[in-house]
Amino acid sequence: MDNRELWTALGMDLEKHDDFLAPVPAIFTSLFLDRPNRPKAMGYFDMVVGDVHGIRVHELYAMKEAGAKVFSTFCVYVPEEIIVATGSANIGLCAGAQYTVSSGEKVLPRNLCPLIKSTMGFKLDRICPYFQVSDWVIGETTCDGKKKAWEILNEHIPTYVMDLPQKKDAKDTRLWEEEVREFASFIERETKVTITPENLAKAIQTINNKRQALQRLANLRKHTPAPIHGLDVLLINQLSFFDDPVRFAAQVNALCDELDVRVKEGSGVAPVDAPRILVTGTPQPLPAWKLHALIEQAGAVVVGEETCTGERYYKDITEPADNISDMLANIAKRPLKVNCACFTPNQGRMEDIAFMADNLKADAVIDFTLQFCQTYGVESYFVGKEMEKKEIPFLRLESDFSDEDQGQLLTRIEALIEMIRA
Amino acid sequence: MKQAGLDLGSVNTKLVVLENGKRIYNQVIPSRFDSVQAGITLLKSYVEEHGEKPKKLVVTGYGRVNFPEGRVITEITCQARGCHVYFPDYAYILDLGGQDAKVIKKSAQGKVVQFIMNDKCAAGTGRFLDVILKGLDLTSMEMELATEAKPMPINSMCTVFAESEVITMLAKGIPKPEVIAGLFKSTAKRLANFVESVGHPECLIFTGGGAHYSLLVHFLERELKGKIVIPSDPELTASLGAALLA
């Protein structure tokens, strides 16, 4: 089956899909492929993007033919280990395209986060093969916009919602653990596969390996000169959500081996004095490359992402255990260490940012908020305060997935760089 | 040695030339939607008058990236540098340009420490005032009366809606001076909040074309409960800063 036959089988709107994908090769070539001195091991990830709606979708389709299910997620809190244990696929869906925002606005208010509108639009337009190949969406209650949007999405694809608490007290931990246990039963029911100590232990190991590979990559970025562009790492972080976890971890480790050599040789992709930027805030889901591209175009290098398409996804791993109950308890524990702005209070996040800024030797912090994101938008006040206390230059940026404000964003980024260099 | 600063703004394009640190030339012309062309014209007329191009050139402002020559520095850095010449002791700058508004905090050395910009929404920019004042077709008498008038509150956040709010008020027979006073007061309030999201200056440097509206300055002082100082040519400080950095 070729790509078009596959897309037809998935009920996609081929005409619209062609229109959506048409500009991507040119953008990807100029932003990624044309940049000098990229690590050779980026070749694998370039290949994945080069056929982003092909290779992996074929694999998922084949898995389904063999009886497995595909579960789509939108948040780093959803315990993918449980899905993987049953031999089914967990994929984090893309939601970073302006193209689908206007379709999303047919059913959602305009003054809503572009990520939610983009997601909804992908489903309504039928142009995302990952959405089309999915049996279920696993939603969560990380913000009011998503919480209510799941109800609408459920009209188009079965949507299961996990109730994430808003505090991290003992009773919240209990609630979340219960949610995780219920989720495990739900997955068993849906996949008709029983979770065993063996398959769950293996899944925990698989996902831990993936997270550890990403940690290794993140840690290499603390070196000067930066061995890899932030934009390349962002791409890898974005792909981590839907590639096959075993193959992906192997490829990230291969890249890290190459970067180890660069670090040893003292070579990198940016001059030694290039300003080092830590990006914090809301995620940049595929294909939202604008922010990183502008920062690096302006002569700086992004050395870390305190976001869900970054550190928040991989900073913690799940502790192994020897029985299912303890494993599920540990699976529940990991996400509660992640400091998302949906929690209150969220002082841990300020500590995370301060630690990252120090560890990565960041010259400045750019706190990025997607338009209309209430939780991160409000919390940006504390990020600014913390950076002032630490005397780290700080810039607050708000944007969406559109291209129109690139000039305005670039002016701010350039001024920040001038500030650092003055 | 001659050094020049060229500020390619959305509404006006400005050139300042210094010789051994002293200002020998300045000129402002409208950008007419093509600030790059306006900049070329300005430089050309300078060369016609003075015989030669300045040795060093820094370009800044919205059109800077497309200008064929000169070193590029953002208007934020240039503004801080230019203002520092006039007011080395004051830290906070409010710049109200045609297309955007900025608040800049500078250090004792005139370097930028922090800044914020609004260029996404016309409300609270020079454009907002221009659009509405143009529509009102004011006499200088009415403008003067506005200083004493009781300001009518204007609530709309959007330029287009604020304009219709103003039209509705006038249709109801509310005197123009009250409407104008309201317009400046609401803009001042918005700008004061903008300033206070960065800090609480006892004395604020006010630059850009917007600093020419004395009524705005009046209301802004009241809102901020502080003093406002304005450089002699408030629309030229960024180009002066650019020349100094050249």
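Residues numbered from 1 in each chain as written. Chains lettered and ligands numbered in written order. Predicted model: local features only at pLDDT ≥ 70, side-chain atom pairs only at ≥ 80, totals over all residues. Heavy atoms only, no water.

A. Local environment of the side chain of Arg276 of chain A. Residues and elements named next belong to chain A. For Arg276, the position within the fold is in strand 5 (residues 276-281). Summary of buried charges: Arg276 has no salt-bridge partner, and the nearest side chain of opposite charge, Asp363, is 5.4 Å away. Leaving out residues up to four positions away in the same chain, Arg276 has contacts with Arg221, Lys222, His223, Thr224, Ala226, Val301, Val303, Leu360, Lys361, Ala362, Asp363 and Ala364. (Helix = DSSP H or I, 4+ residues; strand = E, 2+ residues; numbered from the N terminus. Buried < 20%, exposed > 50% of the residue type's maximum accessible area, 1.4 Å probe, protein only. Lys, Arg positive; Asp, Glu negative; His and termini not counted. Salt bridge = Lys/Arg side-chain N within 4 Å of Asp/Glu carboxyl O. Contact = heavy atoms within 4.5 Å.)

B. Representation of unusual backbone geometry within the structure. Of the consecutive residues Leu286 of chain A and Pro287 of chain A, the connecting peptide bond is found in the cis state with omega at -5°. Within the secondary structure, Pro287 of chain A is located in the loop between strand 5 and helix 15 (290-297). For the bond running from Thr344 of chain A to Pro345 of chain A, omega is -15°, close enough to zero to count as cis. Among the structural elements, Pro345 of chain A can be located in the loop between helix 17 (324-336) and helix 18 (347-359). Despite not being glycine, Asp137 of chain B has its phi angle at roughly 55°, a positive value. Unusually for a residue other than glycine, Lys225 of chain B sits at a positive phi of about 50°. If you trace the backbone, Lys225 of chain B turns up in the loop between helix 7 (214-224) and strand 10 (227-229).

C. Representation of the pairing of strand 1 (residues 2-8) of chain B. All names here are of chain B. Among the seven residues of strand 1, seven are classified as buried, and the element is accordingly described as predominantly covered. On strand 1, burial covers both faces: Lys2, Ala4, Leu6 and Leu8 on one face and Gln3, Gly5 and Asp7 on the other are all buried. As paired strands, strand 1 and strand 2 (residues 12-19) are joined by seven bridges and run antiparallel to one another. The residue bridging Leu6 from the neighbouring strand is Leu15, located in strand 2. Hairpin remark: strand 1 followed by strand 2, antiparallel, with three residues in the connecting loop. (Pairing = 2+ DSSP bridges.)

D. Molecular detail of the state of the cysteines. Applying the stated criterion across every chain, the model contains zero disulfides over all chains. Cysteine Cys373 of chain A shares no disulfide, and the gap to the nearest cysteine sulfur, in Cys113 of chain A, comes to 6.1 Å. Of all cysteine sulfurs in the structure, the one in Cys78 of chain B sits closest to Cys83 of chain B, which takes part in no disulfide; the separation is 11 Å. (Disulfide = S-S within 2.5 Å.)

E. Fine view of the nonpolar core. Grouped together as the largest cluster of nonpolar side chains are 137 residues, with contacts concentrated most on Phe183 and Ile413 of chain A. With eight residues, the top contributor of residues to this core is helix 12 (residues 197-220) of chain A. Membership of the second largest hydrophobic core comes to 40 residues, among which are Leu94, Leu133, Ala181 and Phe206 of chain B. (Core = buried A, V, L, I, M, F, W, Y, C linked by side-chain atoms within 4.5 Å.)

F. Seen up close, the sheet that holds strand 2 of chain B. The five strands lie next to each other as 3-2-1-4-5 (chain B), forming an open sheet whose pairing is mixed. Here the strands that pair on one side only, and so sit at the sheet edges, are strand 3 (22-30) and strand 5 (71-72) of chain B.

G. Looking closely at the interface of chain B and chain A. Facing the 16 residues of chain B at the interface are 13 residues of chain A. Interface of chain B and chain A: buried area, both sides summed, is about 1,300 Å²; carbon and sulfur atoms make up 52% of it. Of all residues in chain B, the largest losses of buried area upon contact with chain A belong to Phe115, Asp119 and Lys120 of chain B, amounting jointly to 39% of the total for that side. At the junction of chain B with chain A, the criterion picks out one salt bridge. Across the salt bridge formed by Glu414 of chain A and Arg64 of chain B, the nearest N and O atoms sit 2.8 Å from each other. (Buried area = accessible area lost by both parts, 1.4 Å probe.)

H. Structural view of the packing of aromatic side chains. Applying the stated rule across the entire model yields 22 aromatic pairs over all chains. When the ring of Tyr77 of chain A is compared with that of Phe343 of chain A, the centres are 5.9 Å apart and the planes differ by 65°; the resulting orientation is edge-to-face. Of this pair, Tyr77 of chain A sits in the loop between strand 1 (70-73) and helix 6 (80-85) while Phe343 of chain A sits in the loop between helix 17 and helix 18, and the two are 266 residues apart along the sequence. Look at Phe184 of chain B and Tyr213 of chain B: their rings are 5.3 Å apart centre to centre, the planes differ by 55°, and that puts the pair in the tilted class. Of the two residues, Phe184 of chain B sits in helix 6 (residues 176-196) while Tyr213 of chain B sits in the loop between strand 9 (203-207) and helix 7, which places them 29 residues apart along the sequence. Here Phe184 of chain B matches Tyr213 of chain B in class, with each residue buried. Through successive ring pairs, a cluster of aromatic residues spans Phe71, Trp136, Tyr160, Phe183 and Phe186 of chain A. Across from the ring centre of Phe343 of chain A, 4.4 Å away, lies the NZ or CZ of Lys168 of chain A, which sits over that ring. Here the basic side chain of Arg211 of chain A rests over the ring of Tyr313 of chain A, its NZ or CZ set 4.8 Å away from the ring centre. (Phe/Tyr/Trp six-rings, centres within 6.5 Å; stacked < 30°, edge-to-face > 60°. Lys NZ or Arg CZ within 6 Å of the ring centre and 35° of its normal.)

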